[in-house]
Each structure stands twice: as C-alpha cells, then as structure tokens.
Amino acid sequence: MTRLLLLFILTITCTGVAGQTKYEKDFESFTNIIHKNYAYLNQQNIDWEKVENIYKPQIVNIQNDREFIRLLENMLLELHNGHSSLNVNLNTSNRLIPSGQDLYVEEIKGKFWITDVKKGSNADLAGVFIGSEVIKFNGREIKEQLSNFLPRFTNSYTNAMKQFALDMLFAGTHDKKRSIGVLINGREQTIELDNKSSIKDTAILTVKRVSSSKVCIKINNCLWNNDLIAAFDKTLDSLLTTPILILDLTDTPSGGNSTVARAIMGRFIDKPYGYQQHEYDETDFDTKRHWIEYVYPRKKVFKGRLYVMVGHWTGSMGEGMAIGFDSFKKPIVVGTKMAGLLGAIDGFHLKETNINFQIPTERLYHVDGKPRESFAPRLQTQNSKQTWESVLKAK
C-alpha cells in the first residue's frame, strides 16, 4: 500500500512538471530573472511580486509565440523605462524609446505640448514644430490612451511613469502611420506622420565648420561601432589647433559600448579620471559591488575648449559620456535632460521560446554620486534648437 501511494505521488509530481507548457516555463524564468537581476526595483518602487500575480493567470490562455511576446511586452511596461526590451517584436509592437521616438511631448498644467522634435526625423520633415499644443493622437484624446502604457501594479503614478507613457504613445507602433492633432491659431490641424524610418546619415561621424574658430563633430548614432575610434582619432588629429570644439551627442539613442566611449573621452584629458560609478547587487549573498570606472589619456590631447551637446535622444552610453565629460570639469555639457535610460544592461535568454531580452543589471552614477538618469547639463536648454543656438554663441 505504501509503495503504491509513493508511486502515485511521484506520478502526479512528474506529470505536473512535464505538463507545463513552454510558455509557463519561460514565464517563470522571465519573472525570476527580473526579480533577481533587475537593478532598479527598489529605486522605482516596483512591486514585482504583484506584477507576477497580475499577469500569471493570463499564461494558461497563451496559444502561440505572438501572444507570449505581447504578454512579455506588457510586463516590461511595468518597469516604465526604455532600457528594458525584447530582442524581437511584432509588426503591431510599439517602437522602442528613445530610438523609435521623433518628438518629445510633455504634460504642462493639464495640457500636452511638443517641447522638442528630433532634427531630420519624420516629425521634423512633416512640419511638426516645437511649442505646438497637442490635443489628439490618431484621432483620439491623449489622456484616454495613456493607460495602455501605465503600470498596473499601482494607481499612484510618478512623473517618470507618466512621461514614459507619453513617450510610448507618440512613438507609435511599427504597422501604423501616426496622426498628430495640434492647435494652430486656435484651430485644430492634423499632421500625418509616415511610419517608415526617417533617412539617417550613413557616415559614422560628420564634421561641420561653424566659424573660423569653432568646429562641430557629430556622432551619428554609432557609439557601439569600434570603427568610430579610428575615425574620431583621424578627425580630431586634424583639429587639434581649433580653439573651440563642439561634440554633438544629440543623436545617440541606441547607446554603445564603454570601449568606444573611453577612447573618445581619453583624447580630452591629460591624466586618469573617473567617469562613472557602477553598483551591482549580489542578491545571493545580500551584498553589493561598487566601483569607479576610469578613463585614461590616449594619443595627442585636445587642449581647446570643448562643448558637449546632449538631449532627449542622447541615450545609454551617450549619457555615460555626458556624465564623464562633466566630471572632467573643463568640458561644458549643454542641452536638455537626456533619455534617462537606467543603468548598464545585460541580455538574457528564454530557452523554451528562444526569446532574448535585456534589462539593467547595474546602477550607474556620476562620480559625484548622483544617479546618471538624474543628470542635468551644466548649461541647460529647453530643446535641441536652443541647444544648438547656445553652442553657436559659446566662446
């Protein structure tokens, strides 16, 4: 009798494990990975256990990979930051921010205003201009659509949550054109935006002589490309006697790697400098690792004045470079607040569905101890147009 009972229990237990669908297994892996590795749960006051309980009942109804991808996308919205994303998307998926974003909308005193437009983007080419009041998106009121992107684990929404929802809404989805309803001279006007990617400069960097004493080097969203190092060195070597240099990081939404960043920054210092602090939770042991990453001088040093332009489309490694240059004291960082992407990311793999995703696993700080996402340029502006005007006047 005892042996039969034991056999029955073992059969039930094995059936329970084996009976899990691939989606149930990967859902469990996904939630566990975030709970253990996501570096900002406490800082953002995210109740991840509650998030898991909200979405877990849905998993039994998942029939295919498309539905599972949509479920994971919705769960990542709970983290309300563009640095958490899947490496796969549907044609109905939202564009990632800030890389898929071409205008910046803010709520000010209950109204929605376009406060910045990415130069050369679809929004810019369509005639969307800074200072317009927006009253509709795709023919509907704005506020009623924001709930699609706000976290479900709470009803107390922070400014960061609200801004994330606005960013996601106006970035739109891959499959649909966008229409922006704006007020012009008191009358509503609809501006249609193409859903195709805007034309990008294929050059790694571009150089523009602004005046006899001032030159601008613009990095064209390739801080991940190691070829940029040699191209930047060659360009800077030809400009070493220029009195004023402008380094334009306003189009770096896709981030990059620390090797490229340190190589560029190393051309502007004559001794080692710390440029950012890292903090990592060793959750298994309830301990932390904390260290400062340094930049070392390399090749000939540029000794003129340096202005570093940043903005809403300065993301991830671009933001790291901004706080690094600011810590060097002599360079002046000019611009708006940046993308505010959280931390340093790592990639993870769900083996049952073969889906990859990335989340921030380390917190990053300015060498003065302030969180990178809270950094404000020394010379602050309201938008990208004003940023450019400020560096043109700089002496």
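Quick note: structure is the one above.
Nothing here was measured: the structure is a model prediction, and the numbers come from that model. (Residues numbered from 1 in each chain as written. Predicted model: local features only at pLDDT ≥ 70, side-chain atom pairs only at ≥ 80, totals over all residues. Heavy atoms only, no water.)

Help me understand the pattern of salt bridges in this model?
Where charged atoms from two side chains of opposite charge approach closely, those side chains can pair. Under the definition given, this model contains 15 salt bridges. Note that aspartate 233 and arginine 267 form a salt bridge whose closest N and O atoms lie 3.0 Å from each other. Of this pair, aspartate 233 sits in helix H8 (residues 227–237) while arginine 267 sits in the loop between helix H9 (258–265) and strand E11 (273–282), placing them 34 residues apart in sequence. Take aspartate 233: its relative accessible area is 8%, and that puts it in the buried class. (Salt bridge = Lys/Arg side-chain N within 4 Å of Asp/Glu carboxyl O. Helix = DSSP H or I, 4+ residues; strand = E, 2+ residues; numbered from the N terminus. Buried < 20%, exposed > 50% of the residue type's maximum accessible area, 1.4 Å probe, protein only.)

Where do I start with the environment of glutamine 43 in this structure?
Of note, glutamine 43 is situated in the loop between helix H2 (22–37) and helix H3 (48–55). Glutamine 43 sits in the partly exposed class, given a relative accessible area of 44%. Along the sequence, glutamine 43 and glycine 256 sit 213 residues apart, while their C-alpha atoms lie 24 Å from each other.

How do you make sense of the packing of H8 against H9 when you look at a structure like this?
Packed helix pairs are characterised by how far apart their axes lie and by the angle those axes make with each other. Relative to each other, H8 and H9 sit at 10°, their axes nearing to 9 Å. One way to sum up the angle between H8 and H9 is to call them roughly parallel. Across the interface between the two elements, Leu228, Ile229 and Phe232 of H8 pack against Thr259, Val260, Ala263 and Ile264 of H9. Among the residues forming the contact of H8 with H9, the class breakdown is 6 nonpolar, 1 polar and no charged. (Axes fitted to C-alpha atoms, helices over the stretch in contact; angles between N-to-C directions. Parallel < 35°, antiparallel > 145°, perpendicular 65-115°, else oblique. Contact = heavy atoms within 4.5 Å. Nonpolar A, V, L, I, M, F, W, Y, C, P; charged D, E, K, R; others polar.)

Could you clarify how one ought to interpret the pairing of strand E13 (residues 305–310) in this entry?
Every regular strand shows the same layout, with side chains that alternate between the two sheet faces. A large share of E13 lies buried, amounting to 5 of its 6 residues. Where strand E10 (residues 244–248) and E13 come together, 5 bridges link them in parallel fashion. Its bridge partner lying in E13, isoleucine 246 is registered against tyrosine 307. As for the winding sense of the linkage, the β-α-β connection from E13 through helix H10 (residues 317–327) to strand E14 (residues 332–335) is right-handed. (Pairing = 2+ DSSP bridges. Right-handed = clockwise from strand over helix to strand, strands pointing away.)

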